[in-house]
Amino acid sequence: MSDGHYDRPALSWMFIALLMIWSGVAGSLLAFGYRSRVKIVVAEQVITMVLMWSTRLCVPPDFYHAHQTLPTTIWVANAVASAALLWGPWVGMTSGLVMGLGSMVVRGGLTHIADVPTVPVLMTVGLAVGAVSTTVRHARDQIDAAVRMQAATAERERLAREVHDGVLQVLAFVQRRGNEIGGETAELARLAGEQERELRTLVSRQAVTPRRGDGAQVDLQQQLRARIPSEVELSAPGDPVLLPGASVDELTSVVLTVLDNAARHAGPGARVFILIEDLGGEVVLTVRDDGIGIPEGRLAEAEAEGRMGVSESIRGRVETLGGTAALRTGPGEGTEWELQIPRGMP
């Protein structure tokens, strides 16, 4: 015990009681989720500095020059940890620096700062606790996003089961038969196709457009399944193919453009197939039809006429993602687009 060296032991015990009361109050408020955490942490910084300065009221100068302040470094580290948990490692290190320098000033100055471990110890506490808290918060955000996506997917599947075997299949049948019959029923087929796409998008909207934060990952195959016509065959890996949301939106637009071109130019009865390959560092998306193909020179002729579907809607969009779009076609050979998109962009 050091109280024999104190000029005012009764006053020192009063400050110790204040230290214990504040520890209990702050710990309880933070543990039970008090909303004003910022106020508590700020108050803890101030109270800790005040308690350190109270050392000069209780002991003679020759004692506090050679000993720690009344609240020891271990207790002072609580304030540093609180700041780091709330605001991250940089604020935690700043709090540790302020507390360490404050302790040295109370003890008589900064003349031996290089020889005293208080400042580096407290700054290390702020850095370590802040880094851990940031990692934990990031992991919690990812878990919350995964839970929301899982719930949205479950709801989408429930709705899809209720309407897929009825409404969507009937609309797809009307569209297919209307195109086969032709004449006035072609308009009915067009309207049925539009309503099928709208209903499919509505059913899957929760899964297709989850709440996205900055850099949020979206399942490419899930979005494509929700947007493409039912007669298009899609093959994809069993696991989600995750890409940044902006990339998925651009690729979906590219695929819809390719499908529109196939519907217009591939010829009657042509089928379209989509293949998604997840190669780790990149994603390869292949869209192929078994139609009549594109005659040689037709693309250059269309571009010269000002039709920018291939050069802008397809190649331009893929290039903005840092990828490449390769076209293979010929008379009677069908048309195949191979889109290679690296991960990490945009």
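Here, the structure is the one placed above.
As a starting point, this report considers the structure included with it. (Residues numbered from 1 in each chain as written. Predicted model: local features only at pLDDT ≥ 70, side-chain atom pairs only at ≥ 80, totals over all residues. Heavy atoms only, no water.)

Comments concerning the nonpolar core
Okay, step 1: Core analysis: the largest hydrophobic core is formed by 29 residues, its most contacted members being Leu 220, Val 255, Ile 274, Ile 276 and Leu 339.
Okay, step 2: Looking at this core, the elements with two or more residues in it are helix 10 (220-227), helix 11 (245-265), strand 4 (272-278), strand 5 (282-289), helix 13 (309-320) and strand 7 (335-342).
Okay, step 3: The leading source of residues in this core is helix 11, at 7 residues.
Okay, step 4: Apart from the residues within four sequence positions on either side, Ile 276 is in contact with Leu 220, Gln 221, Leu 224, Leu 234, Ser 235, Ala 236, Pro 237, Val 241, Val 283, Val 284 and Leu 285.
Okay, step 5: Within the second largest apolar cluster, 10 residues are counted, among which are Phe 15, Ile 40, Cys 58 and Trp 75. (Core = buried A, V, L, I, M, F, W, Y, C linked by side-chain atoms within 4.5 Å. Buried < 20%, exposed > 50% of the residue type's maximum accessible area, 1.4 Å probe, protein only. Helix = DSSP H or I, 4+ residues; strand = E, 2+ residues; numbered from the N terminus. Contact = heavy atoms within 4.5 Å.)

Focus on the pairing of strand 4
Okay, step 1: One ladder, built from 3 bridges, connects strand 2 (residues 233-235) with strand 4; its direction is parallel. If you follow Glu 233 over to strand 4, its bridge partner there is Phe 273.
Okay, step 2: Pairing analysis gives 7 bridges linking strand 4 to strand 5, with the strands arranged antiparallel. Of the residues in strand 5, the one forming a bridge with Phe 273 is Arg 288.
Okay, step 3: The antiparallel pairing of strand 4 with strand 5 creates a hairpin that spans 3 residues between the two strands, and Gly 280 there sits at a positive phi of about 85°. (Pairing = 2+ DSSP bridges.)

Notes on the packing of helix 5 (residues 73-87) against helix 6 (residues 89-106)
Okay, step 1: Here helix 5 crosses helix 6 at 160°, and the two axes come no closer than 7 Å. Classified by the angle their axes make, helix 5 and helix 6 are roughly antiparallel. Considering the relative orientation of helix 5 and helix 6, their crossing is right-handed. Across the interface between the two elements, Val 76, Ala 79, Val 80, Ala 83, Ala 84 and Trp 87 of helix 5 pack against Pro 89, Val 91, Gly 92, Ser 95, Gly 96 and Met 99 of helix 6.
Okay, step 2: In the contact of helix 5 with helix 6, the residues fall into 9 nonpolar, 3 polar and no charged. (Axes fitted to C-alpha atoms, helices over the stretch in contact; angles between N-to-C directions. Parallel < 35°, antiparallel > 145°, perpendicular 65-115°, else oblique. Left-handed = near helix turned anticlockwise from the far one by under 90°. Nonpolar A, V, L, I, M, F, W, Y, C, P; charged D, E, K, R; others polar.)

Looking at helix 10
Okay, step 1: Of all 8 residues making up helix 10, 6 are buried, and the element is well covered by its neighbours.
Okay, step 2: If you check which residues of helix 10 are buried, you get Leu 220, Gln 221, Gln 222, Gln 223, Leu 224 and Ala 226.

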